Each structure stands twice: as C-alpha cells, then as structure tokens.
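# Report on the structure
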Amino acid sequence: MQMFDHPVKYDVIVVGGGHAGYEAAHAAAKMGCRTLLTTIQLDTIGLMSCNPAIGGLAKGQLVKEIDALGGIMGEATDATAIQFRILNTRKGPAVRSSRSQSDRQRFRLWIKNKLESMPGLDIKQALIENILVEGGATAGVVSSIGERFLGRTVIIATGTFLNGLVHIGLTRFGAGRLGELPAVALSESLRALGLQTGRLKTGTTPRLDARTINFDVLEPQYGDDPPQPFSFNASRQPRSQIPCHITYTNEATHAIIREGFDRSPLYTGIIQGTGARYCPSIEDKIKRFPDKERHQIFLEPEGFDTVEIYPSGIPTSLPIDIQYRMVRSIRGLEQAEIMRPGYAIEYDYVNPVQLRPTLETRQVAGLFLAGQINGTSGYEEAGAQGLMAGINAACRVKGLPPLVLKRSEAYIGVLIDDLVTHGTLEPYRMFTSRAEYRLLLREDNADARLREKGYRLGLVGACDLERLQAKLTAVEQELERLCSVRVAPQADLQQWLERCKSAPLRQPCSLLDLLKRPEIDYEALVHGGLGDPGLDPDVRQQVETFTKYEGYIQRQQQLVEKFRHLEDWAIPPDMCYDGIAGLSAEVSIKLTQVRPVSLGQASRIAGITPAAISILMVHLKKRQAGRQD
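Every chain is numbered independently, its residues counted from 1 as its sequence is written. Reporting in this predicted model follows two pLDDT cut-offs: at least 70 for local features of residues, and 80 or more for side-chain atom pairs to be given and counted; totals over whole chains, interfaces and linings ignore these cut-offs and use all residues. For the side-chain quantities, the full set of heavy atoms in the structure was used; hydrogens and water were omitted.

## So, the packing of helix 2 (residues 59–69) against helix 9 (residues 379–398)
Think of each axis as a best-fit line through the C-alpha atoms, taken over the contacting stretch in the case of a helix, with angles from 0 to 180 degrees between the N-to-C directions. Secondary structure is summarised from DSSP: a helix means a run of H or I of at least four residues, a strand means a run of E of at least two, and numbering begins at the N terminus for each. Helix 9 packs onto helix 2 with a crossing angle of 25° between their chain directions and a minimal axis gap of 9 Å. One way to sum up the angle between helix 2 and helix 9 is to call them roughly parallel. Like other packed secondary-structure pairs, helix 2 and helix 9 cross with a definite hand, here left-handed. Residues K59, L62, V63, I66 and L69 of helix 2 lie in contact with helix 9, whose contacting residues are E380, E381, G383, A384, L387 and M388. Following the grouping adopted for this structure description, the nonpolar residues are Ala, Val, Leu, Ile, Met, Phe, Trp, Tyr, Cys and Pro, the charged ones are Asp, Glu, Lys and Arg, and the polar ones are all others, Gly among them. Classifying every residue of the contact of helix 2 with helix 9 gives seven nonpolar, one polar and three charged. Roughly parallel refers to an angle under 35 degrees, roughly antiparallel to one over 145, roughly perpendicular to one between 65 and 115, and oblique to any angle outside these ranges. Crossings are classed by handedness, with left-handed meaning an anticlockwise turn of the near helix from the far one by less than a right angle and right-handed meaning a clockwise turn. Any two residues whose heavy atoms approach within 4.5 Å are treated as being in contact.

Take a look at the structure:
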C-alpha cells in the first residue's frame, strides 16, 4: 500500500469520537495544542451508544468534576436534556447524584458542533489500524487507506470498537456498534507494542416505537421542577421536560426468557468476554435471581423529535423472536414494535495496570489510553478519563507537570487510581462506596475542589473562576452571619420551632445552632424570617451542608491529612524492588507490575502489607540519604 503523509504534524492525535475522545480532543485543543480527532464515522461523534442518559449515582459527581475542570459533557447535557432529576434526595449529600435524560441526537450534534468550532482542532474520518513508534515513543498513526498522521502524542479512545463482535442470538458479526465497522487491526498494533489485552462484554436493549406503547396503564416519572443543571455555568430556569414511564417484567416474561437460553450466546459458550456485574442482561437477572417475581423497567424517551424509546432494564442478546415475545409480555408493551434489536458486544481492552496515573502507557512514551479500552463502562467514566488523558498529553507536549488528582480531591482521582493500581478483569463502574472521602467529594463542591486547577491549565475562563470566588465568599459571609446572630426563647420563636416539629429553646443560641437541628433546613429559616430569601440556591446548599455535617467533614479532612505523607512520598520510576531486603518475592512482583508512583498508591495494591510499606519507607530514606551524601 502506498503511504500518504498528511502535511500537518500534530501535538495530540485522538483516535475515537466517543465520550472519552471528544473530551480528550477538546481539552488538548483548548490548552493550545494542534490536535487531530479521528473517528470511523463523523456523524457519530458524541453518540450515546446505549441509554440516552447522563449521570446517576456517583456518575453525576464525575460529570460535575468534568465540568469544574473545563470539560464539556455537563454543558452538552444541560443544552440537550429532556428531563433532570436528583437521586437519593432522602439521603445525605455525600451520595446525592444528578441524572438527566438527554435528547440523543441533539446531544451528538451539540458535541460535533462544539468540536468543529474549536480553534486548533482538526476532525477526520479514518479507520486507524496502526500506531507509529520511533525510539520508544509515539510518532503518529496510520489509517486503513495508507494515510499517515504524524504526532507527538496519541490517545486511543476506541470504546467498544476494538475488535468488536456483535451477538444477537446465535448470529454474530464484527461491528463496533450495530451497523458500524470494528477496529480490528488496531488491536494487533497494541499487542505488538507489548500491551496485554483481554476481552469484555456489554449489551444494550431493544429500542421500541412509542406509538405502539400504552402509556395510559403505566406509572409516569417526572423530572425535578425547577431542574438542577449539571454545569456550574448554567442557571436554574424552567424548561420543557418529558416524563419517563415505569413498568415491570412478570412471571410470563421470565418464562419466555428461559425458553431462549438454548439460543442465548451467553449460555451456549459463544460469548467469551466478561460482562458487567452491576449492569447485567435480563438473561443474567433471570438466571441469578430465579426467585424474584419482577424486574423494573424505565421507558426512557430518546428525544423530542423521535418516537424511539429505550426500555432501561432489559439489555439482551436473545434471538429476535424471543425479544419480541419478551417485550410484548410486559404491561403496556403488549403491542410494542421493536425498532432496533437488543444485542451484546464483545471487545478488546487493555488491563489498565499497564498505565501510569497520567493514563500514559508504561510501554510506549506519549501513548495514552482512555475510556472503555481501560476496562470501564459508562459515558461518565469514559469522559473523565478522556479529559485527563487530553490534559496530560497536552502537558507532555508543553513541558508542564502532569495533572494527577488524588483520591481525596475527586472521584476522577478514585477512578484512575483504582484502574492503574488494581487493574480490572470486568467492566469497572463508579460507585459512591468506592470513594473513602465521599463526604468531601460532593457534587455541590466540585467547583470549589477543581475549578482553580482547570483555570491554571487554561480550560476554565477568568469569569468562571470569579463566579466561584463570589460563591465561596457568599457562603463564608452567610456562615459568619448565622454564627453571630443569636435568638432568645421568645414566644414567636417557640411557635415557629413547634411548627418545625423541633424542641423549644431553653436558652439563647445562634442561628447556626438552629440550622444544625435535623428537622430545620435553610428553607425553614427563610419561612421563619431568619434566613436570607435572596440567597442563591447553590450558596444555601453549601451553607446547609457545611453546618449539618461539619463534624463529619472535619474528621474526613483529618484522615486526609493523616495519610497525606504517604501520598506525597514519591517512589522513583526506576525503583528496583528485587534488591530490597525484607520484601517477599510476591510483593516485589506486584510492585514491579504496578510501578506505584507513591507510598500511598503502593499501600493500596492488593497483598501489600503495612510491614512492606514500612520496609519501602526505610529503603527510600536510605536512598535519599545516600544521594545527599
């Protein structure tokens, strides 16, 4: 094949236009790098491959953090959402998360338009098959038609396209998504570079025609009013929202699904990849929970301008005849037509234990991986990795220190640390339980945690930073006011407390003490004439959260400080563990495999004991003392 060298040499080349790819390309270009985004199909940049929703438990926190750092997923969601909801509102702020239904096509077009208007960003349709390497570092990529794109860094963000294989019943064929080409040769290129790959599986549901659904017998689920946007730059404004609807499987549904087991690729040994434990197919649910009488299904509209409905809860790879019978056995779906079949897809991934915390591979300098190629599932996890890969590729090009977020700083830090420290053998999904400092990593304070970092990188504008500073000042001033204003146990106050179902005062106290009571929120203070009715809702939330959870927040901050010395204690990248006296062979092997960058990361590797950390600490002290001598 005759090669053609594209005349532009790029700073950053991004392979893949999914959620990891567009965040990576946007970040790199906005940081001033000449950037190229390649994708197999230009019309699917930013496409939601599975459900038309952004956010959810712990995932909402990731989107807020992406936005705080200057990413675009939150803005795209706010611009194209058809419904907003806050989950876990009855629980504490540490586990509350935002979720929205998005207009699938409008989201995709918003992202595409955003990238097309970015200075310094080129977008090209190309099937990338090979990664160029010179002197142990990336030099560019080669397409299937012999076009060579030269670049200083490369980010691979291929989603499920890497050697993708679609399954519908016993039928299977190569595809990255249904109807789209897979990237087969690229897998071989990665393996040739020394990266170990594995096989994972995910799936999606059949899409239904809303005109054939009886919504009158179903339970509607409405969005929050007013809606809470994702982006810290957005304002809360009334907007048109579309309800979802809820229905359930039943015993007849389950019997039909069991009939299809003999033609299910899951149970006939055809599918070899490991599926997502926390997002199982409906076949898996019936097999694993045989005594459960029903499973909930959310009927999610795919947009304002389409009749397609996504029935969340029944991803499947069963044969199409079983899919029809299964769907039509469900209340409200008796006459439902399937517009697109459900399917499973297997794809290659690279175990992320082979990556540095910057998401750069240890095997090849300048080669970064982001998204499902690292074993994760979900748009939000992909977007977070893409943003960080784009930032760190740009930092490498510009000679800047990389950005590595700590577990105490962001869910993004938890996500990447989990991946590069432990690796994964199944699709990784973010949960609030994975974050040991989750009360510090709330949705409402993501801007306070990360906005300044985004500003220093050039991803966040000065006006956005000023908006944050004004918000923090307002929070501080209101807390000072609540602390300084004292109230006495007078009759009108006692009557107000009684209406709030709160105990009467026995002695004067501050408004801050009143707000600490579980049954009194800031809105109650406003109704009692004790709060500021004009205070911004975001400021109110911060004030209330800090007041009610002050003790817990302080304890978590103390834990962070306690372990800070381990996180800050760097381990040289060339450390030879075999020669350290006292370390077992097993520990040496694990440390050599992961190559932790700090004692903190080393302490989280499975099988690394406190005794091993102590030995490492002594060795590092001696090593440092020897260099000083």
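On we go.
## A look at the side chain of H245
Residue position: H245 is located in strand 16 (residues 244–248). To sort residues, take the accessible area from a 1.4 Å probe on protein chains only and compare it with the maximum for the residue type: under 20% means buried, over 50% means exposed, and anything in between is partly exposed. Look at H245 and you get buried, because its relative accessible area is 12%. Ignoring any residue separated from it by four or fewer positions in sequence, one finds H245 in contact with F215, L218, E219, P220, Q221, I297, F298 and L299.

## Concerning the sheet that holds strand 13 (residues 197–204)
Between any two strands, at least two bridges found by DSSP are needed for them to pair. Strand order across the open sheet formed by four strands is 12-11-20-13, with antiparallel pairing between neighbours. The sheet terminates laterally at strand 12 (171–174) and strand 13, the two strands that pair on one side only. Each strand of the sheet is rotated relative to its neighbour by a mean of 25°, with strand direction disregarded. Here strand 11 (residues 165–168) runs beside strand 12; their pairing, made up of four bridges, is antiparallel. Residue pairing across strands places L165 opposite G174, the latter belonging to strand 12.

## Thoughts on the pattern of salt bridges
Any Lys or Arg side-chain nitrogen found within 4 Å of a carboxyl oxygen on Asp or Glu counts as a salt bridge. Taken as a whole and judged by the stated rule, the model has 39 salt bridges. Ionic pairing is found between K112 and E116, a salt bridge with its closest N-O pair at 2.6 Å. With K112 and E116 both in helix 4 (residues 104–116) and four residues apart, the pair spans about one turn of that helix. The exposure class assigned to K112 is buried, which follows from its relative accessible area of 17%. The partner of R467 in a salt bridge is D464, with the nearest N and O atoms 2.9 Å apart. Placement of the pair is R467 and D464 together in helix 12 (residues 462–484), with a separation of three residues, close to one helical turn.

## Focus on the pairing of strand 5 (residues 81–87)
Counting buried positions along strand 5 gives five out of seven residues, so the element sits mostly inside the fold. Summarising the sheet, strand 5 and strand 6 (residues 97–102) pair through six bridges and their orientation is antiparallel. Bridged to A81 within strand 6 is S102.

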